[in-house]
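# Observations on the model geometry
Residues per chain are reported as follows:
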Amino acid sequence: MIPQKESPSEKSRRLLRRGKSGLLRLVFSRAGLVALLLLLQVGLLLVMSLKFEDYLVHYYGAFSLLSAAMVLYLLRTDSDPSAKITWLVLILLAPVAGSLLYMYVHTDVGHRALKARVRQLTKAARPVLPATEADGALARSFPADAGIARYLRDAMGFHAYDRTAIRYFPLGDDFLPALLADLEQARSFIFLEYFIIEEGEMWGAVADVLERKVREGVEVRVLCDGTCEFTKLHRSFLRELGEKGIQCRLFAPIRPFISTHYNYRDHRKIAVVDGRVAYTGGVNLADEYINRAHPFGHWKDTAIRVEGEAARSFLLMFLQLWQVEERGVSFGPYLQQPVPPVPEAPGYVIPYGDCPLDNQPVGEWVYTHILNVARDYVHIMTPYLILDDKLENALKFAARRGVDVSIILPHIPDKKIPFALAKTHYPALVESGVKIYEYVPGFLHAKSFVSDGVRGVVGTINLDYRSLSHHFECGAYLCGTPCIGDIEADFRETLKRCRRVTAQEAAHPGLYWRLVGTLMKPFAPLL
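What this report covers is the structure whose coordinates are included nearby.

What counts, and at which threshold
- Residues numbered from 1 in each chain as written.
- Predicted model: local features only at pLDDT ≥ 70, side-chain atom pairs only at ≥ 80, totals over all residues.
- Heavy atoms only, no water.
- Helix = DSSP H or I, 4+ residues; strand = E, 2+ residues; numbered from the N terminus.
- Buried < 20%, exposed > 50% of the residue type's maximum accessible area, 1.4 Å probe, protein only.
- Contact = heavy atoms within 4.5 Å.
- Core = buried A, V, L, I, M, F, W, Y, C linked by side-chain atoms within 4.5 Å.
- Patch = residues over 30% accessible without salt bridge, like charges linked within 9 Å, V, L, I, M, F, W, Y side chains within 5 Å.
- Areas by Shrake-Rupley, 256 points an atom, 1.4 Å probe, with all protein chains shown as cover.
- Salt bridge = Lys/Arg side-chain N within 4 Å of Asp/Glu carboxyl O.
- Pairing = 2+ DSSP bridges.
- Expected span 1.5 Å × (residues − 1).
- Axes fitted to C-alpha atoms, helices over the stretch in contact; angles between N-to-C directions.
- Parallel < 35°, antiparallel > 145°, perpendicular 65-115°, else oblique.
- Left-handed = near helix turned anticlockwise from the far one by under 90°.

## A few points about the overall build of the protein
If you tally the helices and strands in the protein, you get 21 helices and 18 strands. By the burial criterion, 57% of the 527 residues in the protein qualify as buried. Within the protein, contacts between residues at least 6 apart in sequence are counted, and of these 82% link residues at least 24 apart.

Here it is, written out as structure tokens:
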């Protein structure tokens with residue numbers, strides 16, 4: 001049989017094929033490192049038992065001294081209390097493996113260069129986007145948000161913008177047609193940065209437009225997280241895109257057992273067209289995000305479109321991570337092009353990023369601020385709920401002082417261990433008055449806060465340790481924009497398809513969920 005020639009559309013859909021098996025994915029992950037260290041300790045125990053039986057008591061004595069020394073050292077550190085507990089449990093259970101892993105992670109073996117490079121890029125980016133008149137106007141119009149705006153501006157370099165139009169998408173199904181329409185209108189450049197890219201209808205539609213725009217002379221860049229190399233992408237992905245004129249890079253490609261660089265992932269979702277339009281939110285470029293695939297039932301996600309000068313902030317975020325592997329610093333002509341304002345657009349937006357290497361928990365502090373200043377309600381959608389004490393207390397305190405704190409989570413989880421860990425928070429939250437709902441039709445992947453009809457956040461930041469501590473993330477802080485009403489309306493509409501978790505259900509989640517949650521709770525900061 002003569003093989004049929006692929007059409008351009010079919011070939012673009014074929015660009016991405018699963019590259020590595022599940023076994024290789026395990027070997028090249030943090031789990032592989034932990035397993036190797038545990039096997040090392042088991043092997044050492046066996047060798048000591050068989051070959052040095054007379055010295056076994058000395059061996060156990062050395063283990064005890066090592067454990068005691070590590071415990072004392074941990075108690076003196078200024079790390080998060082939940083993380084301390086995790087390391088203490090791991091070191092007491094497996095002194096050699098736990099101590100080696102702790103030293104490996106906390107001596108910055110692999111990401112010292114990354115940290116220095118990110119700091120260099122951040123410093124160089126500060127003067128690129130100057131202060132705006134909206135910085136002061138936001139503080140005057142919304143005094144309760146003046147503090148968080150000042151922090152984002154002075155400490156992190158993220159400015160407020162007015163005359164920026166924000167459009168909210170309650171589903172990935174709605175997001176894709178809008179994105180494709182803007183890509184078609186590109187005249188100068190298209191920059192895409194996504195945590196996940198996977199073959200299928202969604203990527204095929206995007207790739208078709210990208211190929212066509214390259215032929216028209218538009219510069220196209222694609223940045224995706226390095227984990228895709230082992231989980232989503234075919235080995236020839238970069239080469240094939242390059243042959244089509246599309247520049248493509250992987251952020252922090254994984255190199256097993258050599259560095260801790262891979263512990264910090266690029267979880268952001270950013271699309272920028274000509275510096276005048278940007279997108280962000282929870283939607284990646286894979287078919288489940290637009291409900292063309294249904295691995296966990298109906299996929300509920302959200303995104304926003306930003307048109308106006310604020311789009312330049314997302315452009316700057318992209319250019320910073322794009323240059324991580326380069327030597328120099330150049331933001332080129334991209335940020336010099338004027339962006340026309342949208343005069344009829346009311347309200348303010350502050351695009352912001354969260355970097356795991358600067359000791360500034362921006363994402364957590366933004367969420368905590370919304371909880372602290374809320375008067376009537378805070379409505380939250382998040383796929384995961386793995387909290388440290390500070391954020392859990394903020395949720396409980398807001399509910400205790402009479403604020404309607406409602407959280408929608410998935411009913412059908414994509415990962416069972418994080419779902420079990422979420423359920424460990426249910427009893428304390430529900431007892432404090434927090435209302436917890438689960439999205440019955442399937443998996444909810446949205447990441448949004450909306451409060452009092454005044455402020456909200458849409459972005460990529462989950463309520464879990466990975467997003468709040470270990471990922472590069474981004475979001476948009478919204479004040480007084482019309483789309484805040486759309487976010488709240490979507491929350492209430494989504495609520496109609498949810499079931500509320502009762503106090504009885506929170507206290508008795510079922511034997512399986514209770515067992516898994518209890519066993520994994522000490523290790524939550526590592527997940």
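## Here's the deal with the nonpolar core
Ranked by internal contacts, the top residues of the largest apolar core, which has 106 residues, are Leu152, Phe314, Tyr352, Leu385, Tyr426, Phe449 and Tyr477. Examining the composition of this core, we find that 9 residues originate from one element, helix α14 (residues 311-322), more than from any other. Apart from the residues lying within four places of it in its own chain, the contact partners of tyrosine 352 are Leu152, Phe158, Met317, Val362, Val366, Val457, Ile461, Glu473, Cys474, Gly475, Ala476 and Tyr477. Residues Leu176, Leu179, Cys224 and Tyr289 belong to the second largest nonpolar core, which totals 46 residues.

## A short note on a nonpolar patch on the surface
Taken together, Leu40, Leu100 and Met103 make up a surface patch of nonpolar side chains, about 260 Å² in accessible area. Mapping leucine 40 onto the fold places it in helix α3 (residues 30-51). The partly exposed category is assigned to leucine 40, whose relative accessible area is 48%.

## So, the pairing of strand β10 (residues 348-354)
With 7 of 7 residues buried, β10 is to be regarded as a mostly interior element. What you see with β10 is no split at all: Tyr348, Ile350, Tyr352 and Asp354 on one side and Val349, Pro351 and Gly353 on the other are buried throughout. Direction of pairing for β10 relative to strand β17 (residues 471-479): antiparallel, over a ladder of 7 bridges. Within the sheet, the bridge partner assigned to valine 349 lies in β17 and is leucine 478.

## Some details on the pattern of salt bridges
Counting across every chain of the model gives 27 salt bridges. Between arginine 268 and glutamate 193 there is a salt bridge; the shortest N-O distance is 2.8 Å. Taken together, the positions of arginine 268 in the loop between β5 (265-266) and β6 (269-273) and glutamate 193 in strand β2 (residues 189-194) put the pair 75 residues apart, joining distant regions of the chain. Take arginine 268 and glutamate 193: they sit in the same class, and that class is buried. The partner of glutamate 326 in a salt bridge is arginine 249, and the shortest N-O contact between them spans 2.8 Å. Note that glutamate 326 is positioned in the loop between α14 and β10 and arginine 249 in strand β4 (residues 247-251), a separation of 77 residues in sequence. Since its relative accessible area comes to 31%, glutamate 326 is described here as partly exposed. According to the relative accessible area criterion, arginine 249 is partly exposed, its value standing at 28%.

## Structural notes on helix α15 (residues 362-373)
An ideal rise of 1.5 Å per residue puts 16 Å on 12 residues; α15 measures up with 17 Å between its terminal C-alpha atoms. Those residues of α15 that sit buried are Val362, Gly363, Glu364, Val366, Tyr367, Thr368, His369, Ile370 and Leu371.

## Examining the packing of α15 against helix α16 (residues 389-400)
Close contact between α15 and α16 brings their axes to 9 Å; oriented N to C, the two are set at 15°. Considering their axes alone, α15 and α16 lie roughly parallel with respect to each other. As α15 runs across α16, the sense of the crossing is left-handed. Contacts between α15 and α16 involve Glu364, Thr368 and Leu371 from the former and Lys390, Leu391, Ala394, Leu395 and Ala398 from the latter.

## With respect to unusual backbone geometry
Phi angles above zero are rare outside glycine, and asparagine 359 is one such case at about 60°. Locating asparagine 359 in the fold gives a position in the loop between β10 and α15. The phi torsion at aspartate 452 lies on the positive side, around 60°, for a residue other than glycine. You can see aspartate 452 is positioned in the loop between β15 (448-451) and β16 (455-459).

By themselves, these observations are geometric and do not establish any function.
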